[in-house]
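Listed below, chain by chain, are the residues.
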Amino acid sequence: MSTDELIKNLRGIWARAYVRIIGVNREPSWLIFELFFPLLPICAFAFVYKSMNAPSDYLGFVILGGAMTAIWMNVLWGMAAQFFWERESGNLTLYMLCPMPTMAVLIGMAIGSGFSTFFRVIITFMIGKFIFGITLHIASYWWLFVTFMLTIAAVFSLGMMMASFFLLYGRDAWNILTVFMEPVFFLSGFYFPVKTLGYPLGAIASLIPITLGLDAMRQLAFKLGPATAFLPVGVEITILIILTIIYLIGAKYLLNKLEYLGRREGRLTLRWQ
Amino acid sequence: MSIAIKTTELSRSFTGGGEKEAGGLFQALSDVNIEIPEGMIYGLLGPNGAGKTTLIKILSTLLLPTSGEAFVNGYNVDNQYDKIRPIINMVSGGENCGYGILTVAENLWMFAQFYGIPTKTAMERIKTLLEIMNLTDKADVKINKLSTGMRQKMNFIRGFVTEPKILFLDEPTLGLDVNAARETRKFVMDWVKNAVEPKTVILTTHYMKEADEMCHKLAIIDSGKILAIDTPANLKKQEAGGASYNITVGYKEFDANSLRAIPGVASFAHSVSDEDAIIEMIFNLEAGGALAKIIEKLSSEGLSILNIHKKEFSLEDAFIKLVGRRLNGGEAGANEHR
Ligand SMILES: Nc1ncnc2c1ncn2[C@@H]1O[C@H](COP(=O)(O)OP(=O)(O)OP(=O)(O)O)[C@@H](O)[C@H]1O
Ligand SMILES: [Mg+2]
């Protein structure tokens, strides 16, 4: 890729990310949706743990897990189901029409969402931490940050893959959202350490990068974290990197397939007229 | 003069969907051969389901041909789409593109970015186009607050912001009011006429008058086949044959067969209006047929002539003759032509 092309692609990525970064924050409804909603189950679980006299770190686990749900919600609504909306509005057709590789558009979408999500997770966590008076025990700020970023990168790469996958094989958007919302909240250990699922189930759950990311972050941020560890942090980080690469390659492959089938069948990418 | 678009034996079929034929294949385009020189507005005119949009989708690299070939600016749509996409753009009527939370200007900017246009250049062009299309006051309004017509205008501007060499317009005035539709047509015509580098527009429309007024050349298409290609003027001439007259006479018993037998009359039809006590007669003459004989005959029958009107052949007549039915469809009331 020449420098000229690279700059052009970056323009496309930024333009698509702009919609998410600037546009979405224009609508105050996201506050309710993405700050308040995750807080509700957090509080519910936190009170249950509290009434059981669980160690305060368990409250911390729940709050971190709850805050991270924002990521998963974002990936489902903003990535996996996105191409369905884009097809309906005709945007997908225009993305195919323009000289920009559609991958740039997809990356822009992921970066925009990832950026917004980043702050929401931190804000939600801070509110929860304040309400329940959680004390952190941070082993390494640097690694905590790296793990957090890697988790976001891995989850959104998965989202990029899901976007094409579901348009190719899914029936409709709602279908996907319902199928993937609840079980994932359970499996990925949003509200309890994934170790309690046992290793076989935990391994399956690890395909959703949030599982490992969350486990690593709990280890890095809480005193009791290492005691409930599923895998060592280093291993988890390595797996996250590998997953990100695999999902990105998968996303590119499926997107190519989507574009090709769209041109051949005249159906996947274009609105039925 | 260079060729903007060329197709040879271009065909496209679909499996499933549409009306299925015996083999489960539906032929949306069959053996289309067109050649469009640079610098003209080329119209595709045809009834619903004729294959106009299918042809435009193939030419704009969104759909692959099943057989045959298509070249845009000399590039094959099959495998050189990366060369074609930077120089084309497309606007379809009734499109709903863009993001509701962004403003008109932001949406236009975003789409321009996908063509790698630097922000400064893009913003200048957007400003100019918004002014021309009377949309400047909406530049900073979120598009989910716009009316359908305003949205269509924005969509229309989107097609021009990238200054394409070849522009596809698929029913671009759909949903626009009379004035906006007129402005739009004028804008497209000026854009082609005043271009420094030759610009080519491929336009589909359901409005006869739009095709007549705008297009330098027209292809009439039905059931996936091209029936005729010519200038609007030639199409009208070709199809006209002899003249045609509407004659109104005062009511009186008469013998239709004897009128039909007048030398030079190709066909005769009439309708009686009891209320006004008049008869409306339509005489289609053979080439060279004379009106004088008809008037003579009517007088000798004792019919009093109230009005004679020479009927001009319209594009619509040419269309009916070629396709065998009227051009249906189009948004009622959305345009001035009906
Ligand atoms: N993806 C598709 N799958 C199956 N059939 C299709 C597909 N796209 C178009 N068709 C069929 O091909 C035929 C031509 O469609 P096309 O959209 O090109 O018509 P059109 O001339 O643009 O009509 P209109 O004036 O209504 O816009 C129609 O019968 C349509 O049902
Ligand atoms: Mg059409």
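Residues numbered from 1 in each chain as written. Chains lettered and ligands numbered in written order. Predicted model: local features only at pLDDT ≥ 70, side-chain atom pairs only at ≥ 80, totals over all residues. Heavy atoms only, no water.

1. Thoughts on the overall build of chain A
When helices and strands are counted, chain A shows 11 helices and zero strands. Over its C-alpha atoms chain A spans a radius of gyration of 19 Å, differing by no more than 12% from the 19 Å that the globule rule assigns to 273 residues. For chain A, the spread of C-alpha atoms along the principal axes amounts to about 60 × 35 × 35 Å. Residues counted as buried form 57% of the 273 residues belonging to chain A. Taking the contacts inside chain A whose residues are at least 6 apart along the sequence as the reference set, 81% of them involve residues at least 24 apart. On chain A, roughly 11800 Å² of surface is accessible, and the fraction owed to carbon and sulfur atoms is 74%. Computed over 19 positive and 13 negative side-chain charges, the separation of the two mean positions in chain A equals 1 Å. (Helix = DSSP H or I, 4+ residues; strand = E, 2+ residues; numbered from the N terminus. Rg over C-alpha atoms; globule rule 2.2 N^0.38 Å. Buried < 20%, exposed > 50% of the residue type's maximum accessible area, 1.4 Å probe, protein only. Contact = heavy atoms within 4.5 Å. Areas by Shrake-Rupley, 256 points an atom, 1.4 Å probe, with all protein chains shown as cover. Lys, Arg positive; Asp, Glu negative; His and termini not counted. Charge placed at Lys NZ, Arg CZ, Asp CG, Glu CD.)

2. Thoughts on the overall build of chain B
In terms of regular secondary structure, chain B is built from 11 helices and 15 strands. Over its C-alpha atoms, taken along the principal directions, chain B stretches across nearly 80 × 50 × 40 Å. Among the 338 residues that make up chain B, the fraction classed as buried is 51%. Counted over contacts in chain B with a minimum sequence separation of 6, partners at least 24 positions apart contribute 70%.

3. A short note on the packing of helix α1 (residues 3–26) of chain A against helix α6 (residues 102–132) of chain A
All names here are of chain A. Between α1 and α6, whose axes approach to 7 Å, the crossing angle comes to 35°. Read as a crossing pair, α1 and α6 show a hand that is right-handed. Facing Asn9, Ile13, Arg16, Ala17, Arg20, Ile21, Val24 and Asn25 of α1, the residues of α6 in contact are Ala104, Val105, Ile107, Gly108, Met109, Ile111, Gly112, Ser113, Phe115, Ser116 and Arg120. Among the residues forming the contact of α1 with α6, the class breakdown is 10 nonpolar, six polar and three charged. (Axes fitted to C-alpha atoms, helices over the stretch in contact; angles between N-to-C directions. Left-handed = near helix turned anticlockwise from the far one by under 90°. Nonpolar A, V, L, I, M, F, W, Y, C, P; charged D, E, K, R; others polar.)

4. Section: the confidence of the model for chain B
Residue and element names in this part refer to chain B. Per-chain confidence: chain B averages 88 in pLDDT, with 91% of residues scoring 70 or above. Across residues 329–338, confidence stays below pLDDT 50; counting only partners more than four residues off in sequence or on other chains, it has 28 contacts. Under the prediction, the complex receives an ipTM of 0.88, its pTM being 0.84. (pLDDT = per-residue confidence, 0-100.)

5. Some thoughts on the interface of chain A and chain B
Residue-level contacts link 37 residues of chain A with 42 residues of chain B. Scanning the region where chain A abuts chain B turns up one salt bridge. Taking the shortest distance from any N to any O, the salt bridge between Glu106 of chain B and Arg26 of chain A comes out at 2.7 Å. If you look at where chain A meets chain B, you find 15 residue pairs in polar contact (both at pLDDT 80 or more). Listed by contribution, the elements that provide at least two residues to the side of chain A that touches chain B are α1, α4 (82–89), α5 (91–97) and α11 (233–265) of chain A. The element best represented in the side of chain A that touches chain B is α1 of chain A, accounting for 11 residues. Of the residues contributing to the side of chain A that touches chain B, the split by class is 16 nonpolar, nine polar and 12 charged. (Salt bridge = Lys/Arg side-chain N within 4 Å of Asp/Glu carboxyl O. Polar contact = N/O pair within 3.5 Å; in protein donor to acceptor, adjacent residues only side chain to side chain.)

6. What to know about the sheet that holds strand β8 (residues 166–170) of chain B
All names here are of chain B. Ordered in space as β7-β8-β9-β4-β10-β11, the six strands form an open sheet in which the pairing is mixed. Every other strand in the sheet has two partners, leaving β7 (88–92) and β11 (225–230) as the edge strands with one partner each. Taken pair by pair, the neighbouring strands of this sheet meet at an average axis angle of 15°, ignoring direction. Examined bridge by bridge, β7 and β8 share five bridges and lie parallel to one another. (Pairing = 2+ DSSP bridges.)

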